[in-house]
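# Chain and residue survey
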Amino acid sequence: MNVLRIGLVMLQGARHVHVAALERASAESGIDIEIIELRKASDLEAADPHAIVLPGGESTTMRLTGNGPASALLPVIFEWIRDDPSRPVLGTCAGAILLSDPQDGGVPMVDAAIDRNAFGTQADSFQTTLEATALQREFPGVFIRAPRFTHAGPNGEVAAMLGDEVVGVRTGNRLALTFHPELSSDAGFHRWLIETTSALVAEA
Ligand code: GLN
């Protein structure tokens, strides 16, 4: 089978932990992957990825860097995502903010509205067990200066719940999580990405 090419957006933030989580998910699922780091617009074309990960960090910095002339990555990433809703995308925390609130005049890539830093400051970061609806099991949720979904539209399927609050939304194969699955020992959401991608590539 083809090696899956997973593009990792390297604008800023928690990138290397995603590499480790993707490698764990690959080993667990027995699906070979190549992780390709994306920094500038031309990287996307060269990589021709099957799936994309948008890490957490600071969405403001990511927008500045990613829209700046040296990178110009963000507009082409958004175009790649919008081109086909079946393309697998995992956005965590700041990545979920970019998917839900692209601020480029175009439609959100995940059908939800989001509010930044809505759990409070860095000191209000916390860890707790949540219900990963998309995985049909519990999941260790790490929330760091996390955003909050304020609304999910008709195309926003609930992917994770913290009590009665939605903390994960899926539109097509785009998954936006307000927490950091890459910082837990559970590679379940990264497996979801790899397995979804693998099934699509097998079908093509
Ligand atoms: N507070 C950050 C933002 O607004 C998100 C935090 C995170 O990604 N851990 O972009």
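One structure accompanies this document, and this report is about it. Owing to the predicted nature of the structure, the values given are computational and were not obtained by experimental measurement.

Definitions and limits used
- Residues numbered from 1 in each chain as written.
- Predicted model: local features only at pLDDT ≥ 70, side-chain atom pairs only at ≥ 80, totals over all residues.
- Heavy atoms only, no water.
- Helix = DSSP H or I, 4+ residues; strand = E, 2+ residues; numbered from the N terminus.
- Rg over C-alpha atoms; globule rule 2.2 N^0.38 Å.
- Buried < 20%, exposed > 50% of the residue type's maximum accessible area, 1.4 Å probe, protein only.
- Contact = heavy atoms within 4.5 Å.
- Areas by Shrake-Rupley, 256 points an atom, 1.4 Å probe, with all protein chains shown as cover.
- Lys, Arg positive; Asp, Glu negative; His and termini not counted.
- Charge placed at Lys NZ, Arg CZ, Asp CG, Glu CD.
- Salt bridge = Lys/Arg side-chain N within 4 Å of Asp/Glu carboxyl O.
- Core = buried A, V, L, I, M, F, W, Y, C linked by side-chain atoms within 4.5 Å.
- Expected span 1.5 Å × (residues − 1).
- Arc of directions from axis to C-beta.

What follows is about the overall build of the chain. Within the chain, the regular secondary structure consists of 6 helices and 11 strands. Over its C-alpha atoms the chain spans a radius of gyration of 15 Å, differing by no more than 12% from the 17 Å that the globule rule assigns to 204 residues. Once the C-alpha set of the chain is aligned to its principal axes, its extents read approximately 40 × 40 × 30 Å. Looking at the chain as a whole, 50% of its 204 residues qualify as buried. When contacts within the chain are restricted to residue pairs at least 6 apart in sequence, long-range pairs at least 24 apart make up 71% of them. Roughly 8800 Å² of accessible area belongs to the chain as shown, and the carbon and sulfur atoms make up 49% of that amount. Charge-centre separation for the chain: the mean point of 15 positive side chains lies 4 Å from the mean point of 26 negative side chains.

Let us look at the pattern of salt bridges. A pair can form between side chains of opposite charge whenever their charged atoms are brought close. Tallied over the full model, the rule gives 13 salt bridges. In this structure, the salt-bridge partner of Arg39 is Glu37, at a minimum N-O distance of 2.9 Å. The exposure class of Glu37 is partly exposed, given its relative accessible area of 34%. Of the charged contacts, one joins Arg148 and Glu165 as a salt bridge, the two residues approaching to 2.8 Å between their closest N and O atoms. Taken as a pair, Arg148 in strand β8 (residues 148–152) and Glu165 in strand β10 (residues 165–171) lie far apart in primary sequence, 17 residues in all. Classification of Arg148 by relative accessible area gives partly exposed; the value is 29%.

Turning to the nonpolar core, a few remarks are in order. Residues Ile6, Leu130, Phe143, Phe179, Phe189 and Leu193 are the most contacted members of the largest nonpolar core, which totals 32 residues. Secondary-structure elements contributing two or more residues to this core are β1 (4–9), α1 (16–29), β3 (51–54), β6 (126–132), β7 (137–143), β9 (157–162), β11 (174–177) and α6 (188–203). In terms of residue count, α6 provides more of this core than any other element does, 5 residues in total. Not counting the four nearest positions on each side in its chain, Phe189 is found in contact with Leu90, Ala132, Ala134, Leu135, Phe139, Ala159, Leu175, Leu177, Phe179 and Pro181. With 28 residues, the next largest nonpolar core counts Ala47, Met109, Val110 and Phe149 among its residues.

This part covers α1. For an α-helix, the turn length of 3.6 residues means that residues three or four places apart are oriented alike. Look at α1: 20 Å from first C-alpha to last across 14 residues, which is about the 20 Å you get at 1.5 Å a residue. Every buried residue of α1 is listed here: His18, Val19, Ala21, Leu22, Ala25, Ser26 and Ser29. Projected down its long axis, α1 shows its buried positions confined to an angular sector of 170°, all on one face. Facing away from the buried side of α1, by more than 90 degrees, are the exposed residues His16 and Ala27. Residues of α1 that are buried in the fold lie against β1, β2 (33–38), β3, β4 (89–92) and α6. Note on α1: the residue one or two positions beyond its end, Gly30, has a positive phi of about 70°.

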